[in-house]
Amino acid sequence: NVMIHEELKKRNPDIVLVAGGPQVDWFGERIFEYTDAFDILSYGDGDDAISLLADLVYGNGRIEDIPNIIYKSGSGSMRNRRRDIDMSGIPAPSYSEEFYPNIESKVMIAPREDSRGCRHRKCTFCVHTRIGGHYRTRPVEELADEISSSGMITHRLSGPSPSPDYISKLIKHVPDIKISAFGYSDSSYEYDEISDNLLGIFIGLESTDKYILEEVLR
């Protein structure tokens, strides 16, 4: 990735390259020490930043006003304020043939954004808290409307830790839909109520211990 963008920058020195993703949330300003390929780094929620960055590139904005970015300044760098968006009213992803030819053969279970951040927030080695910020959930009725209007029958919640209560409420709103989700080994799941609509709850064993990763998780 870095090699591609360094070559792109070499061929197009005036281009503005922005890097995002969990690597930025984890390494931050140190990425500038590793490579000169990128002009701006985007951390946290990129929803507001992306349109403001487009305005900036075309001369209609100030870099100081863009939240959740890190940029080069003199011999160092500047980090703008973090702003976590309200999960209410976020746009739905488009799974249409117009954007994804042969979509039906590529996306069997459509990801749906139910939350950002993690309600557990105790794993010091996990990047989810840095990526997602404080734990936020979408209004369950809003997510149910998105699922119902999609015409698709199987969906996966993309948040790292939707609560058992949230899953139960969602399934009651979309009784003919199949849902999969990530979660904890939590005794408060109402399995009798949700089992008919649940494809699976994926519960992972998180560890930084070499023995556990190799011998237990394999």
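Residues numbered from 1 in each chain as written. Predicted model: local features only at pLDDT ≥ 70, side-chain atom pairs only at ≥ 80, totals over all residues. Heavy atoms only, no water.

### A closer look at the side chain of Ser163
Topologically, Ser163 is positioned in the loop between strand 8 (154-157) and helix 7 (164-173). Not counting residues up to four positions away in its chain, the partners in contact with Ser163 are Arg119 and Tyr135. (Helix = DSSP H or I, 4+ residues; strand = E, 2+ residues; numbered from the N terminus. Contact = heavy atoms within 4.5 Å.)

### Regarding the side chain of Asn80
The topology assignment puts Asn80 in the loop between strand 4 (76-79) and strand 5 (110-112). Polar side-chain contacts of Asn80 include one of 2.7 Å to the backbone oxygen of Ile66. Beyond its immediate stretch of four places on either side in the chain, Asn80 contacts Tyr43, Ile63, Glu64, Asp65, Ile66, Asn68, Ile69 and Tyr71. (Polar contact = N/O pair within 3.5 Å; in protein donor to acceptor, adjacent residues only side chain to side chain.)

### Section: the pattern of salt bridges
All told, the structure shown has 18 salt bridges when counted by the stated rule. When the shortest N-O distance is used, the salt bridge between Asp48 and Arg83 registers 3.4 Å. In this pair, Asp48 sits in helix 4 (residues 47-57) while Arg83 sits in the loop between strand 4 and strand 5, placing the two residues 35 residues apart along the sequence. On the accessibility criterion, Asp48 (30% relative accessible area) is partly exposed. Overlapping salt bridges bring together Asp45, Asp47, Glu113, Arg116 and Arg136 as one network. (Salt bridge = Lys/Arg side-chain N within 4 Å of Asp/Glu carboxyl O. Buried < 20%, exposed > 50% of the residue type's maximum accessible area, 1.4 Å probe, protein only.)

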